[in-house]
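Here are the chains, one letter per residue:
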Amino acid sequence: QVHLVESGGGLVQAGGSLRLSCVVSRLTFRSIDMGWFRQAPGKEREFVAAISWSGRTTYADSVMGRFAISRDNAKNTAYLQMNSLKVEDTAVYYCASRPRFASDYVNWGQGTQVTVSE
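Just so you know, these numbers come straight off a predicted model, no measurement behind them.

Draft legend 1. Layout of the side chain of S21. Mapped onto the fold, S21 is located in strand β3 (residues 18-25). Once residues lying within four places of it in the same chain are set aside, the contact partners of S21 are V5, E6, S7, W36, T77, A78 and Y79.

Here's what the structure looks like:
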């Protein structure tokens, strides 16, 4: 069974930074794409950032220039560095994986709460 475990969430003031981590087990990590999504209370889950198996990155417009996704294949870990955090970034953040060349994310973590205060 595939496991994705997020960590690094917490409470931070607006303008601060957090780094989320997602450790993946039971998969050939270097051959999968990784993504980060978030869901705020009362809202639908939305895409935040993704990094392909080859290292190509994509971002939602709302986080472009503030967030950075990366991966360490030796550690089976994906990261989301979040800088210049805003109150509207408050949400539960989920990491997800999909096989390379696939369109849908098939494995999901349990989520980690990020709360940004004024």
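Text resumes after the structure shown.
Draft legend 2. Expanded view of the state of the cysteines. One pass over the structure, following the stated rule, counts 1 disulfide. Shown here is the disulfide that connects C22 with C95, its sulfur atoms set 2.0 Å apart. Taking the sign of the torsion about the S-S bond as the criterion, the disulfide between C22 and C95, at about 60°, is right-handed. One end of the pair, C22, is in strand β3; the other, C95, is in strand β9 (residues 91-99), with 73 residues separating them in the sequence.

Draft legend 3. Representation of the environment of G35. By the secondary structure assignment, G35 is in strand β4 (residues 32-39). Under the relative-accessibility criterion, G35 is labelled buried at 0%. Sequence-wise, G35 and G16 are 19 residues apart; in three dimensions their C-alpha atoms are separated by 22 Å. Contacts of G35, omitting those with residues within four sequence positions, involve A49, A50, Y94, C95, A96 and Y105.

Draft legend 4. The packing of aromatic side chains, seen in detail. As enumerated under the stated definition, the model contains 5 aromatic pairs in all. Both rings, one in W53 and one in F101, keep their centres 6.0 Å apart while their planes meet at 75°; by these two values the pair is edge-to-face. Highlighted residues: W53 in the loop between β5 (46-51) and β6 (57-59) and F101 in the loop between β9 and β10 (107-108), separated in sequence by 48 residues. Connected via pairs of aromatic rings, a cluster forms that spans F37, F47, Y105 and W108. One Lys or Arg, R45, reaches over the ring of W108 and ends 3.8 Å from the middle of that ring. The residue whose ring lies beneath R100 is W53, and the NZ or CZ to ring-centre distance is 4.6 Å.

Draft legend 5. Summary view of the layout of surface pockets. For the largest pocket, the calculated volume is near 150 Å³. Forming the walls of the largest pocket are D33, A50, I51, S52, W53, S54, R56, T58, R98, F101, A102 and Y105.

Draft legend 6. Structural view of the nonpolar core. By size, the foremost hydrophobic cluster in this structure holds 28 residues, and its most contacted members are M34, W36, L80, M82 and Y93. Looking at this core, the elements that each hand over two or more residues are β3, β4, β5, β7 (67-72), β8 (77-82), β9 and β11 (112-117). Sort the elements by how many residues they give to this core and β3 lands first, with 4 residues.

Draft legend 7. Representation of the sheet that holds β3 in the model. Spatially, β1-β3-β8-β7 is the arrangement adopted by the 4 strands of the open sheet, whose pairing is antiparallel. In the strand order of this sheet, the two ends are held by β1 (3-7) and β7, each with one partner. For this sheet, the mean angle separating the axes of adjacent strands, direction not counted, is 15°. The pairing of β3 with β8 spans 6 bridges and is classified as antiparallel. Across the sheet, residue L20 finds its bridge partner in β8, namely L80.

How each quantity is defined
Residues numbered from 1 in each chain as written. Predicted model: local features only at pLDDT ≥ 70, side-chain atom pairs only at ≥ 80, totals over all residues. Heavy atoms only, no water. Helix = DSSP H or I, 4+ residues; strand = E, 2+ residues; numbered from the N terminus. Contact = heavy atoms within 4.5 Å. Disulfide = S-S within 2.5 Å. Buried < 20%, exposed > 50% of the residue type's maximum accessible area, 1.4 Å probe, protein only. Phe/Tyr/Trp six-rings, centres within 6.5 Å; stacked < 30°, edge-to-face > 60°. Lys NZ or Arg CZ within 6 Å of the ring centre and 35° of its normal. 1 Å grid on protein atoms, 1.4 Å probe; cavity = no way out; pocket = protein on both sides within 12 Å on 5 of 7 lines; lining within 4 Å. Points joined across faces, edges and corners; volume = space filled by probe spheres on them. Core = buried A, V, L, I, M, F, W, Y, C linked by side-chain atoms within 4.5 Å. Pairing = 2+ DSSP bridges. Axes fitted to C-alpha atoms, helices over the stretch in contact; angles between N-to-C directions.

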